[in-house]
Amino acid sequence: CQIAHKDSNALQCALLPLLQAKEADWQKLYQQKSQFLMQLLASVALAPLPGVSALLQALHREKIKSCVVTHSTKALVTLIRQRLAVLNLIPYWLTREDYQVAKPAPDGYLKAIALYAADKRPIIGFEDSLKGWQALAATPALPVLICPDCHPQLAVAQKPLLHFNSFLAINNLP
């Protein structure tokens, strides 16, 4: 996960030399990985990160617009939303099929803002990767990074950086 969060091509660079003996075509390996991930997510218990349910319920209760911008596929998002009903409190979703350039480019977030933030209210965005945080930082949104304090991406992050080690830390703000 740390490799993939840093750079979407880094996984290929890190693993391809080890796997070339079995399969030289990265696209085939990627497809196998994607199929395995779907099977895994369909068969294991899923739970939101600590604090996420309370935050989503509060946003929903207060009628505050929310949107997810992800580079995951629509199929993967659909599966996860079926397994984690609390995610259906988020009314708007943009997946990799909905925008052109992946994070750290701001394309996905800019599209979400254009579609869902017409009322000009302040926007806050939460990310679990430095690439995502960089994408948010290139928009009018306030970018917030959610990751453990010991995560290696914090060492290379631009400062100042609004960071919480979990959603529970946000929920406990006065």
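Residues numbered from 1 in each chain as written. Predicted model: local features only at pLDDT ≥ 70, side-chain atom pairs only at ≥ 80, totals over all residues. Heavy atoms only, no water.

Q: Quick question: what am I supposed to make of the overall build of the chain here?
A: On a plain count of helices and strands, the chain comes out with eight helices and five strands. The order of helices and strands in the chain, counted from the N terminus, is α-α-α-α-β-α-β-α-β-α-β-β-α. When the 174 residues of the chain are sorted by exposure, 33% land in the buried category. The long-range fraction of contacts in the chain, counting pairs at least 24 apart against all pairs at least 6 apart in sequence, stands at 53%. As displayed, the chain has an accessible area near 11000 Å², and 60% of this comes from carbon and sulfur atoms. (Helix = DSSP H or I, 4+ residues; strand = E, 2+ residues; numbered from the N terminus. Buried < 20%, exposed > 50% of the residue type's maximum accessible area, 1.4 Å probe, protein only. Contact = heavy atoms within 4.5 Å. Areas by Shrake-Rupley, 256 points an atom, 1.4 Å probe, with all protein chains shown as cover.)

Q: Any chance you could explain the sheet that holds strand β4 (residues 142-146) here in plain terms?
A: Sheets are built from strands paired through backbone hydrogen bonds, the pairs being either parallel or antiparallel. If you walk across this open sheet you meet the three strands as β3-β4-β5, and the pairing is parallel. With partners counted over all chains shown, the strands left at the sheet margins are β3 (124-127) and β5 (163-164), one partner each. The pairing of β4 with β5 spans two bridges and is classified as parallel. Residue pairing across strands places Ile146 opposite Phe164, the latter belonging to β5. (Pairing = 2+ DSSP bridges.)

Q: Before we go on, may I ask you to explain the pairing of β3 in this structure?
A: Each regular strand carries side chains that alternate between the two faces of the sheet. Here β3 shows one buried face, formed by Gly125 and Glu127, and one open face, formed by Ile124 and Phe126. Two strands pair when backbone bridges link them, and β3 and β4 are joined in this way by four bridges, in the parallel orientation. By the bridge assignment for β4, Phe126 is matched with Val144. Considered for its hand, the β-α-β crossover made up of β3, helix α7 (residues 130-137) and β4 is right-handed. (Right-handed = clockwise from strand over helix to strand, strands pointing away.)

Q: How should the side chain of Lys103 be read in this particular structure?
A: Topologically, Lys103 is positioned in the loop between β2 (92-94) and α6 (107-116). Within polar-contact distance, the side chain of Lys103 engages the backbone oxygen of Val69 at 2.9 Å. Among the polar contacts made by the side chain of Lys103, one reaches the side chain of Tyr109 at a distance of 3.5 Å. For Lys103, the contacting residues outside a window of four places in its chain are Val69, Thr70, Tyr109, Glu127, Lys131, Gly132 and Ala135. (Polar contact = N/O pair within 3.5 Å; in protein donor to acceptor, adjacent residues only side chain to side chain.)

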